[in-house]
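Below are the chains, spelled out letter by letter.
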Amino acid sequence: MAADAERWRAPSSAGASSPDAPQAAPWLATSHNRQAPETNSPRALRRITGNSILDGKDRTVSPESYSSFQNEIYLQGLLTEQVPELTTDLQALEDTARQALSPSAYGYVAGGAGGGATVRANREALDRRRVVPRMLRDVGTRDLSRTVLGTRMPAPVALAPVGVLSIVHPDGELAVARAAAKAGLPMVLSTASSYTLEEVAEASGEGSSRWFQLYWPKDREVTVSMLQRAEAAGYHTLVITLDTWLLGWRPTDLDRAYLPFLQRTGIANYLSDPAFLAGLDKPVEEDPLAAVAHWADMFADPTKTWQDLAFIREHWSGPIVLKGVLHADDARRARDEGMDGIVVSNHGGRQVDGAVAALDALPEVVDAVGGELAVLFDSGVRTGADVVKALALGADSVLIGRTYAYGLASGGEEGVTHVLRCLLAELDLTVALSGHRSPDELGPDLLAG
Ligand code: GLV
């Protein structure tokens, strides 16, 4: 974790939702209720489930009860013969999402660069590492929380920036923001969101932890305007994506000639930006194509260099994190330029086909700057066990992307909450079953392979 992390103020109340349990579990009264004299009382149920909420609707995610989600599922099955609406196998959730989405939308989310070598490599690197569990170490009480760059996280997990989410579900980023806030996890909002950053901030509610991802526009006025809007809307940490100055070669989208931005989806932050609109000759409704062309012109700037970071520093007062770092020298350079953190990431294999698996790059980067910069990780992560592996290799926190997009596709906000509950339950169980009580106890010796 960054040595100077404490200089960043924690958000006023980033904690998870209230641990208070309801006095009764309404679903106990359904006609499907089986006879289960020992467990058929709210008190007995609370003992088994560890105080989690059992009404099947308010799926509050509480750190006190991450792993008790499984008890809840089994009990619900016992008493009402109900099974979870969505699979608890987060790798299999992709199939549900595929069925729910149009081929273009599914292709856009799931697709990678070129022949998909790096998408596969990300998974292969995670699968190759195997956890070596340790025994008899009193893991009865666990605390997964961490503070990263001043953000308290009840577990070291955050929601990665994923743009254009309205192609996945009409509620898009609003649903994701609500689910993340309920779980007390930070959401990194993409510049390419379908809803404006102000709308998403409002959906996430008081006390939510708001990070903003910047696709750094070519135009300086638009850059400054977006940064000012983000700060005004309560985003406190900035994540600058470095690996998408140009869009990677993506045959899945190219074969359909599908790029949602050109249909004005995923450019809400631009179309609502006064500095962007000032550059248009006519209002967007009168000449939508010109607006899209203006966006395409400024979306990114491949001429940027390390020196340009000073400009962002001038205009952003909170922590700055660089996303897309895969080489130790780049990590050192980020440190030398005064950055606060990095995300070791290959953009989920969407940019350079054949790029190194992000997990394979992680140890070298941690060796270079761990303890000086916050080192976050993404690319390929689907499950709680994957999170454990990245933490063991030195990540301070882990970002999930496609996994929650598949939850969104399958069930809107409830689907995202389902994904978070499954992931956090499996994370908690894997920490415990491998013989640990907190992420701080995980190290490379946990892994074989
Ligand atoms: C854009 O960032 C994308 O990965 O589609």
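Residues numbered from 1 in each chain as written. Predicted model: local features only at pLDDT ≥ 70, side-chain atom pairs only at ≥ 80, totals over all residues. Heavy atoms only, no water.

### Thoughts on the packing of helix H6 (residues 172-183) against helix H17 (residues 402-433)
Quick note on the threshold: Only C-alpha atoms enter the line fits that serve as axes; for helices the fit covers just the stretch in contact. Angles between N-to-C directions range over 0 to 180 degrees. The helix count covers DSSP runs of H or I at least four residues long, the strand count covers runs of E at least two residues long, and both are numbered beginning at the N terminus. Each angle receives one of four descriptions, namely roughly parallel if under 35 degrees, roughly antiparallel if over 145, roughly perpendicular if within 65 to 115, and oblique otherwise. Less than a right angle of anticlockwise turn of the near helix away from the far helix marks a crossing as left-handed, whereas a clockwise turn marks it as right-handed. By definition in these notes, contact holds between two residues if any of their heavy atoms fall within 4.5 Å. In this classification, the charged set is Asp, Glu, Lys and Arg, the nonpolar set is Ala, Val, Leu, Ile, Met, Phe, Trp, Tyr, Cys and Pro, and all remaining amino acids, among them Gly, are polar.
Two numbers describe how H6 lies on H17: the axes approach to 8 Å, and their chain directions differ by 20 degrees. Compared by their axis directions, H6 and H17 come out roughly parallel. Here H6 runs over H17; the crossing is left-handed. Contacts from Gly 172, Ala 175, Val 176, Arg 178, Ala 179, Ala 180, Lys 182 and Ala 183 of H6 reach H17 at Tyr 404, Leu 408, Gly 412, Glu 413, Val 416, Thr 417 and Leu 420. Its residues placed into classes, the contact of H6 with H17 shows nine nonpolar, three polar and three charged.

### A closer look at the pairing of strand E8 (residues 320-325)
Put simply, the rule reads: Three exposure classes are used, based on accessible area relative to the maximum for each residue type with a 1.4 Å probe and protein chains only: buried under 20%, partly exposed in between, and exposed over 50%. Here, any two strands with at least 2 DSSP bridges between them count as paired. Looking down the strands as they point away from the viewer, one classifies a crossover as right-handed if the path from the first strand across the helix to the second runs clockwise.
The buried count for E8 comes to six of six residues, which makes it a mostly enclosed element. One ladder, built from four bridges, connects E8 with strand E9 (residues 341-344); its direction is parallel. In the sheet register, Val 321 faces E9, and the bridge partner there is Gly 341. Remark: the E8/helix H14 (residues 328-336)/E9 crossover connection has right-handed handedness.

### Quick notes on the site of the ligand
Filter applied, for reference: Consider each residue's heavy atoms; a residue with any of them within 4 Å of a molecule or strand counts as near. Definition of a polar contact: a pair of N or O atoms within 3.5 Å, with one able to donate and the other able to accept a hydrogen when the atoms are protein atoms, and with sequence-neighbouring residues admitted only if both atoms are side-chain atoms. In short, Shrake-Rupley with a 1.4 Å probe defines the accessible areas, and a residue's cover is counted only from the protein chains shown. A cavity here means a set of points on a 1 Å grid, drawn over the protein atoms and nothing else, where a 1.4 Å probe fits but cannot get out; a pocket is an open set with protein on both sides within 12 Å along at least five of seven lines, and a residue lines either one if it has an atom within 4 Å of a point. Put plainly, a molecule is in a cavity or pocket when over half of its atoms are within 2 Å of the grid points there.
In the vicinity of the ligand, the contacting residues are Tyr 108, Tyr 215, Arg 250, His 347 and Arg 350. Side-chain polar atom of His 347 to an oxygen atom of the ligand: 2.8 Å apart, as the coordinates give it. Contacts to the ligand include Arg 350, whose side-chain N or O atom sits 2.7 Å from an oxygen atom. Coverage of the ligand by the protein amounts to 90% of the 190 Å² it exposes when considered alone. At a threshold of 2 Å from the grid points, most atoms of the ligand map onto the largest cavity.

### Quick look at the pattern of salt bridges
Between side chains of opposite charge, pairing is possible as soon as their charged atoms come close. As a reminder of what qualifies: Throughout this description, the term salt bridge denotes a Lys or Arg side-chain nitrogen within 4 Å of a carboxyl oxygen of Asp or Glu.
Counted according to the given criterion, the structure contains 20 salt bridges. Here Lys 323 ties to Asp 378 by a salt bridge, and the two come within 3.8 Å at their closest N and O atoms. In this pair, Lys 323 sits in strand E8 while Asp 378 sits in the loop between strand E10 (374-377) and helix H16 (384-392), placing the two residues 55 residues apart along the sequence. Here the two residues Lys 323 and Asp 378 agree in accessibility, since each one is buried. Through salt bridges with shared partners, a single network forms among Glu 124, Arg 128, Arg 129 and Asp 360.

### Let's talk about the environment of Val 416
Relative to the elements of secondary structure, Val 416 occurs in helix H17. Judged by its relative accessible area of 0%, Val 416 falls in the buried class. The sequence separation of Val 416 and Ala 177 amounts to 239 residues, and the corresponding C-alpha distance is 9.6 Å. Not counting chain neighbours up to four residues away, the residues in contact with Val 416 comprise Leu 159, Val 176, Ala 179, Tyr 404, Gly 407 and Leu 408.

### Side note on helix H4 (residues 103-110)
Along H4, six of the eight residues are buried, which leaves the element largely enclosed by surrounding structure. Among the residues of H4, those classed as buried are Ala 105, Tyr 106, Gly 107, Tyr 108, Val 109 and Ala 110. Where H4 is buried, its residues contact helix H3 (93-100), helix H9 (251-254) and H17.

### Points about the pairing of strand E7 (residues 237-241)
With five of five residues buried, E7 lies mostly within the body of the structure. Every second residue of E7 is oriented toward a common face, with Thr 237, Val 239 and Thr 241 on one face and Leu 238 and Ile 240 on the other, all of them buried. Inspection of the sheet shows strand E6 (residues 210-214) paired to E7 by four bridges, in the parallel sense. Across the sheet, residue Gln 213 finds its bridge partner in E7, namely Val 239. As a crossover connection, the stretch from E6 through helix H8 (residues 220-232) into E7 is right-handed. Relative to E8, E7 is paired through four bridges, and the arrangement is parallel.

### Some details on unusual backbone geometry
In most cases, non-glycine residues show a negative phi, while peptide bonds are predominantly trans. Within the chain, Val 164 stands out as a residue other than glycine whose phi angle is a positive 45 degrees. Structurally, the position occupied by Val 164 is in the loop between strand E4 (157-159) and H6.

### Points about the nonpolar core
What counts here: By nonpolar core is meant a set of buried Ala, Val, Leu, Ile, Met, Phe, Trp, Tyr and Cys residues that side-chain atoms within 4.5 Å join together. What counts as a domain boundary in this text is fixed by an automatic or database domain assignment.
In terms of nonpolar packing, the biggest core is built from 118 residues, with Tyr 235, Ile 312, Ile 342, Leu 362, Phe 377 and Leu 427 touching the most fellow members. With 14 residues, H17 is the largest single contributor of residues to this core. In terms of domain composition, this core takes at least three residues from each of domain 1 (2-80) and domain 2 (93-448). Apart from the residues lying within four places of it in its own chain, the contact partners of Tyr 235 are Leu 189, Leu 197, Val 200, Ala 201, Arg 210, Trp 211, Phe 212, Ala 230 and Trp 316.

### Re the packing of aromatic side chains
Aromatic ring pairs are defined here through the distance separating the ring centres and the angle between the ring planes. Heads up, the rule is: Two aromatic rings from Phe, Tyr or Trp, using only the six-membered ring of Trp, form a pair when their centres are within 6.5 Å; if the ring planes differ by under 30 degrees the pair is stacked, by over 60 it is edge-to-face, and anything between is tilted.
All chains considered together, the criterion is met by nine aromatic pairs. Measuring from centroid to centroid gives 6.1 Å for Trp 216 and Trp 245, while their planes differ by 55 degrees, and the two rings are tilted. Here Trp 216, found in the loop between E6 and H8, pairs with Trp 245, found in the loop between E7 and H9; they are 29 residues apart in sequence, far enough to count as distant. The exposure classification of Trp 216 matches that of Trp 245, with both residues buried. Look at Tyr 270 and Trp 295: their rings are 6.3 Å apart centre to centre, the planes differ by 80 degrees, and that puts the pair in the edge-to-face class. Note that Tyr 270 is positioned in helix H10 (residues 268-271) and Trp 295 in helix H12 (residues 288-298), a separation of 25 residues in sequence. Residue classification places Tyr 270 among the buried residues on the basis of a relative accessible area of 1%. For Trp 295, a relative accessible area of 5% corresponds to the buried category. A connected cluster of aromatic rings, assembled from ring pairs, spans Tyr 215, Phe 261, Tyr 270, Phe 276, Trp 295 and Phe 299.

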